[in-house]
Amino acid sequence: MSRNLAFGTIEGRERLVTRFQESTNEYPWQWTPAHVDEFFGDLRSMKHSAQSTIRSYQAALRAFCSYVASPDYGWGRVCEQYFGSHPSQVCFDWNTAVHAQTNESNPKRRPFTRQELQAFFDRADDEVDRIATLGRKGWLPAYRDAVLFKVAYSWGLRRNEVRHLQTVDFARNPHAREFGKYGVLQVRYGKAMKGSPPKRRSVLTVFDWSTEIVADWLERGHPHMTDGLDLFPSERGTLVSETALNRRFNRYCEDLGLSPGLDIHSLRRSYVTHLIESGMDALFVQLIWGRNRGVFDVQHGARNRTVPRDGGAYLKLSITRDRGRVHAGSTSFGVRFAA
């Protein structure tokens, strides 16, 4: 708690330690490195756990052993007094996975192609029409999820980011009036750094069709689900669950016969890939996409100043010129950042 870790992180590590104890059928003061080898060997060979999962589990177990074996907390003396033994560290460099590279994602993960993305969005729209034609009440959640998937792509959002969006998170960009009141999206639940709260960032609107989708949802769908601020609520008034989104996303992909490797995060990957393929400057995409830097304000300025620098410097004219699109329009030009 004192390290400001998220409650989900603490609960997950607690479950891992309990699971390890149940697997070994031994108490912490009786654990040995052989128990570590056996437990994680089973996860790799029997459960086929991902390498990143194994490493995170080992980090959690190592942290727990460091805690109970540290003389600063006195658990060793208590165990020695009552049980005749004391806990010790059982996770070492030679029996745990090494974090050798930053990106440990599954190589099968990939973005959508433009044709796949269009087919996916069409499948989501067809599901709404199908349920509505049958006279069932499930058309509204299907409509919500169809809009959610498009919003995740249009602004390059993670699953948790798009789930937490609210109607008040959109703002005008006075230098891109064609987007109306949806010129900038304020993401308030971005991916957090270790021990920090969710990171905020602002994402510029770059697709003209995205504003129409949000406006139509707020007019035709959102009022029938809630009178609150959450943009994508469930039928019970809570946030739509990750499980429900994953289930619908996977079903659409299976219906279309799309190859493995696509998940909801592929919408975010596709956002970056398609912007660069359309001719947008890679530096601009990096600035609005990354979680370490946010775009707080965007201003249009003179065309003859093109130095891509923070704090008010102008960016290249090609930065916001979208030459090709998947139902996407080009934005205006001459953008500069004012941090």
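Calculation criteria
Residues numbered from 1 in each chain as written. Predicted model: local features only at pLDDT ≥ 70, side-chain atom pairs only at ≥ 80, totals over all residues. Heavy atoms only, no water. Helix = DSSP H or I, 4+ residues; strand = E, 2+ residues; numbered from the N terminus. Buried < 20%, exposed > 50% of the residue type's maximum accessible area, 1.4 Å probe, protein only. Contact = heavy atoms within 4.5 Å. Pairing = 2+ DSSP bridges. Patch = residues over 30% accessible without salt bridge, like charges linked within 9 Å, V, L, I, M, F, W, Y side chains within 5 Å. Areas by Shrake-Rupley, 256 points an atom, 1.4 Å probe, with all protein chains shown as cover. Salt bridge = Lys/Arg side-chain N within 4 Å of Asp/Glu carboxyl O. Expected span 1.5 Å × (residues − 1). Arc of directions from axis to C-beta. Polar contact = N/O pair within 3.5 Å; in protein donor to acceptor, adjacent residues only side chain to side chain. Core = buried A, V, L, I, M, F, W, Y, C linked by side-chain atoms within 4.5 Å.

1. Observations concerning the overall build of the protein
In terms of helices and strands, the protein carries 12 helices and five strands. By residue count, 41% of the 339 residues in the protein fall in the buried class. When contacts within the protein are restricted to residue pairs at least 6 apart in sequence, those whose partners lie at least 24 apart make up 63%.

2. Regarding the sheet that holds strand β3 (residues 199-204)
Taken together, the three strands give an open sheet; going across it, the order is β1-β2-β3, and neighbouring strands pair in antiparallel fashion. In this open sheet, the two strands that pair with only one neighbour each are β1 (170-171) and β3. Relative to β3, strand β2 (residues 184-190) runs antiparallel, the two being bridged by five bridges. Paired with V187 across the bridge in β3 is R201.

3. Examining a nonpolar patch on the surface
On the surface, Y67, Y73, W75, V78, Y82 and F83 cluster together to form a nonpolar patch covering roughly 670 Å² of accessible area. Per-element tally for the nonpolar patch: the top contributor is helix α4 (residues 75-83), with four residues. The residue W75 is located in helix α4 in this model. According to the relative accessible area criterion, W75 is partly exposed, its value standing at 40%.

4. What about helix α10 (residues 242-256)?
Between its first and last C-alpha, α10 extends 21 Å over 15 residues, near the 21 Å set by a 1.5 Å rise per residue. Every buried residue of α10 is listed here: L245, R248, F249, Y252 and C253. Viewed end-on, α10 has its buried residues packed into an arc of 135 degrees, placing them on one side of the element. The exposed set on the far side of α10, more than 90 degrees from its buried face, consists of T243, R247 and E254.

5. Quick look at the side chain of S202
Relative to the elements of secondary structure, S202 occurs in strand β3. Judged by its relative accessible area of 5%, S202 is buried. Side chain to side chain, S202 and Q186 meet in a polar contact 2.6 Å long.

6. Notes on the nonpolar core
Residues F149, V151, F232 and L267 are the most contacted members of the largest nonpolar core, which totals 52 residues. For this core, the secondary-structure elements that each account for two or more residues are α5 (114-133), α6 (139-154), β2, β3, α8 (208-220), α10, α11 (265-277) and α12 (282-289). Counting residues per element, this core draws most heavily on α6, at 10 residues. Among all residues touching F149, those that are not within four sequence positions of it are F120, F121, L245, R248, F249, Y252, I264 and L267.

7. Examining unusual backbone geometry
Positive phi, normally seen in glycine, also occurs at N4, with a value near 65 degrees. Considering the arrangement of structural elements, one finds N4 in the segment before α1 (7-24). In this model, H48 sits at a positive phi of 55 degrees, which is unusual for a non-glycine residue. Mapped onto the elements, H48 comes out in the loop between α2 (33-45) and α3 (51-69). Take H48: its relative accessible area is 62%, and that puts it in the exposed class.

8. Quick look at the pattern of salt bridges
As enumerated under the stated definition, the model contains 19 salt bridges in all. Its salt-bridge partner being R114, residue E277 comes within 3.6 Å of it at the nearest N-O pair. Taken as a pair, E277 in helix α11 and R114 in helix α5 lie far apart in primary sequence, 163 residues in all. One salt bridge connects E242 with R159, and the closest N-O pair in it is separated by 3.5 Å. Of this pair, E242 sits in helix α10 while R159 sits in helix α7 (residues 159-163), placing them 83 residues apart in sequence. Judged by its relative accessible area of 30%, E242 is partly exposed. Here the salt bridges do not stand alone but share partners, grouping R123, E127, R130, R251 and D255 into one network.

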